[in-house]
Amino acid sequence: MTQKVLILGAGYAGSVVANILAREFRNKIAKDELEVTILDKNDTNINQGGFTFIPFELYTPEDITRPRKKLISPRVKAFFGADGEVMNVDLQNKEITVKSDKKYTYDYLVIAMGCRADPDAVPGLTDDLNTFYTSMDDAFKVRDLVKNIEKGKVVVSVASMPVPCPGAPVKFTFMLESYLRNVKKVRDDVQLTLVWPMEPIGPPEFNKFVTSQMNEKGIEVLRNSPLSNVDASRKEITTKSGEKVNYDLLITVPPHKAPQVLIDAGLTDEKGWLSADKATLQYRGPAGNHDNVYVLGDLGPADILKTGIGAHYQAIAVSQSLKNDIHGNGIQTPYEGETGCPLVTELETPATPGRGYIATWKYSKPPEAFSTTKMGWFLYRMYYHIHWDISVKGLF
Ligand SMILES: Cc1cc2nc3c(=O)[nH]c(=O)nc-3n(C[C@H](O)[C@H](O)[C@H](O)COP(=O)(O)OP(=O)(O)OC[C@H]3O[C@@H](n4cnc5c(N)ncnc54)[C@H](O)[C@@H]3O)c2cc1C
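Residues numbered from 1 in each chain as written. Predicted model: local features only at pLDDT ≥ 70, side-chain atom pairs only at ≥ 80, totals over all residues. Heavy atoms only, no water.

As named in an unreviewed UniProt entry, the protein is NADH dehydrogenase, FAD-containing subunit, taken from Methanolobus tindarius DSM 2278.

> What's the story with the overall build of the protein in this structure? I'm lost.
The number of helices and strands found in the protein is nine helices and 22 strands. The C-alpha atoms of the protein give a radius of gyration of 21 Å, which matches the 21 Å a tight globule of 396 residues would have. In terms of overall dimensions, the protein has C-alpha extents of about 70 × 40 × 40 Å along its principal axes. The buried share of the protein, taken over its 396 residues, is 54%. Intrachain contacts of the protein at a sequence separation of at least 6 include 68% that bridge at least 24 residues. Carbon and sulfur atoms form 49% of the exposed surface of the protein, whose accessible area is close to 16700 Å². Charged side chains in the protein number 46 positive and 48 negative. The centres of these two groups are separated by 4 Å. (Helix = DSSP H or I, 4+ residues; strand = E, 2+ residues; numbered from the N terminus. Rg over C-alpha atoms; globule rule 2.2 N^0.38 Å. Buried < 20%, exposed > 50% of the residue type's maximum accessible area, 1.4 Å probe, protein only. Contact = heavy atoms within 4.5 Å. Areas by Shrake-Rupley, 256 points an atom, 1.4 Å probe, with all protein chains shown as cover. Lys, Arg positive; Asp, Glu negative; His and termini not counted. Charge placed at Lys NZ, Arg CZ, Asp CG, Glu CD.)

> Help me understand the side chain of Ser73 in this model?
Inspection of the secondary structure assignment puts Ser73 in the loop between helix H3 (68-71) and strand S5 (77-80). If near-sequence neighbours (up to four positions away) are discounted, Ser73 is found in contact with Asn19 and Ala22.

> What is the right way to look at the side chain of Asp40 in this model?
Here Asp40 is to be found in strand S2 (residues 34-40). Residue classification places Asp40 among the buried residues on the basis of a relative accessible area of 9%. For Asp40, the side chain forms a polar contact with the main-chain nitrogen of Ala10, separated by 2.6 Å. In this structure the side chain of Asp40 is engaged in a polar contact, spanning 3.2 Å, whose partner is the side chain of Arg68. If we skip the residues at most four places from it in the chain, Asp40 touches Gly9, Ala10, Gly11, Arg68, Phe79, Phe80, Gly81, Gly84 and Glu85. (Polar contact = N/O pair within 3.5 Å; in protein donor to acceptor, adjacent residues only side chain to side chain.)

> Is there a simple way to explain the layout of surface pockets in this structure?
Empty space among the atoms becomes apparent when a probe as large as a water molecule is rolled across them. Volume-wise, the second largest pocket comes out at about 570 Å³. Every residue lining the second largest pocket is counted, 30 residues in all, and those nearest its centre are Pro166, Gly202, Pro203, Leu305 and Trp361. In terms of residue count, strand S21 (residues 339-349) provides more of the lining of the second largest pocket than any other element does, three residues in total. Classifying every residue of the lining of the second largest pocket by side-chain character gives 19 nonpolar, six polar and five charged. (1 Å grid on protein atoms, 1.4 Å probe; cavity = no way out; pocket = protein on both sides within 12 Å on 5 of 7 lines; lining within 4 Å. Points joined across faces, edges and corners; volume = space filled by probe spheres on them. Nonpolar A, V, L, I, M, F, W, Y, C, P; charged D, E, K, R; others polar.)

> Help me understand the UniProt feature "domain: FAD/NAD(P)-binding" (unreviewed entry) in the protein in this model?
UniProt records the feature "domain: FAD/NAD(P)-binding" (unreviewed entry) for residues 4-147 in the present numbering. Strand forms 28% of residues 4-147 and helix 24%; the C-alpha atoms that close the span are 51 Å apart. (UniProt positions renumbered as here; feature names shortened; annotations may be inferred.)

> How should I be thinking about the sheet that holds strand S14 (residues 227-231) in this particular structure?
Each strand in a sheet pairs with another by means of backbone hydrogen bonds, the pair being arranged parallel or else antiparallel. With antiparallel pairing, the three strands of this open sheet are ordered in space as S14-S15-S16. The open sheet has two edge strands, S14 and strand S16 (244-246), and neither has a second partner. On average, adjacent strands in this sheet sit at an angle of 20° to one another, irrespective of strand direction. Across four bridges, S14 lies against strand S15 (residues 236-239) in antiparallel orientation. Looking across to S15, one finds that Leu227 is bridged to Thr239. (Pairing = 2+ DSSP bridges. Axes fitted to C-alpha atoms, helices over the stretch in contact; angles between N-to-C directions.)

In structure tokens:
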């Protein structure tokens, strides 16, 4: 009998699992003993991390997009569009329904459908929504706004947590500072404020370094300030503690949530995310405990950091557990919370070398003290080019 692995979502995490299984089980797949199927609602993979750089014209759309068919092994059955857009997930009957009404069954299911922005969750936000978080077009809109900054007050607001890559608005703010100082040379005429929903910005050493850099660069930081509402006519935001902050330009990271279809299917917990064992990533939630269902990436529990680096390590751990499931030895390979946050504190400009660092950590080991360097900047810039042929293909 053919065993079936079904992967929902061909973004970062789903693609890595599909490619690792296709390599490991090429013989079983050829003999029809195993079928690996992946579904996605569209046929283009976007490396969302590149959105942070689009406003500064450091990557092009071509750099950060690829057709999914070029990224997924031909041994994997891939369905994109109406045959791939998940409309219902029924864990009790092990059945997935897609937009075209086609149904898929499985022995093992990997749910890796990412998360999405929910700007309607903040009253007034859609009246003045400038964000590089949601799409290529939106990131280009921010580029145009940034190019036109001459003076005034720019506020970068992170509405709430969790969001994918909570470090992205931090590095965006540093890059904006560097751009205004070293490229546009208008920094003295611009007040820059980061409005942050929590007290710390990341784990202790990360917070310490970011705080010292924010002070050094004259960036005001308002902490513990989740966004409550936006009054576009007055150009004013109100935080949950009632503080009012005026702005000339507002750039926001909206609240995020799990895909609506998974919420409607009753799979999410009280915080709105898919609940899973933090080590094995097996589904544990309102729809019961399912050892054959793995939860991967941005839609996972609120207390697992949502980063591409984390999604990558989760995909490697789940792929190994699936190999063990299929080989029949039942050993679970734990995800140890490996994650990371690439930081940039300065752009490469005629006046500055560019400074970056890729901080990494795991559940049991927070990041150590670090500083940004020119080499860190170079490695992070280069990463976006190796992402497609090494990371997404699951080669490390
Ligand atoms: C602005 C920004 C900057 C970032 N910067 C970094 C960074 O510097 N470093 C870092 O590590 N991480 C970064 N991230 C986070 C990183 O992009 C995510 O953590 C990573 O993409 C998560 O992978 P995923 O597979 O869970 O989700 P995704 O890669 O988003 O994939 C989810 C897939 O599911 C599909 N899907 C959704 N709904 C359906 C449906 N109903 N049916 C079928 N398919 C569906 C989507 O089309 C998508 O292909 C950033 C994110 C953003 C937004």
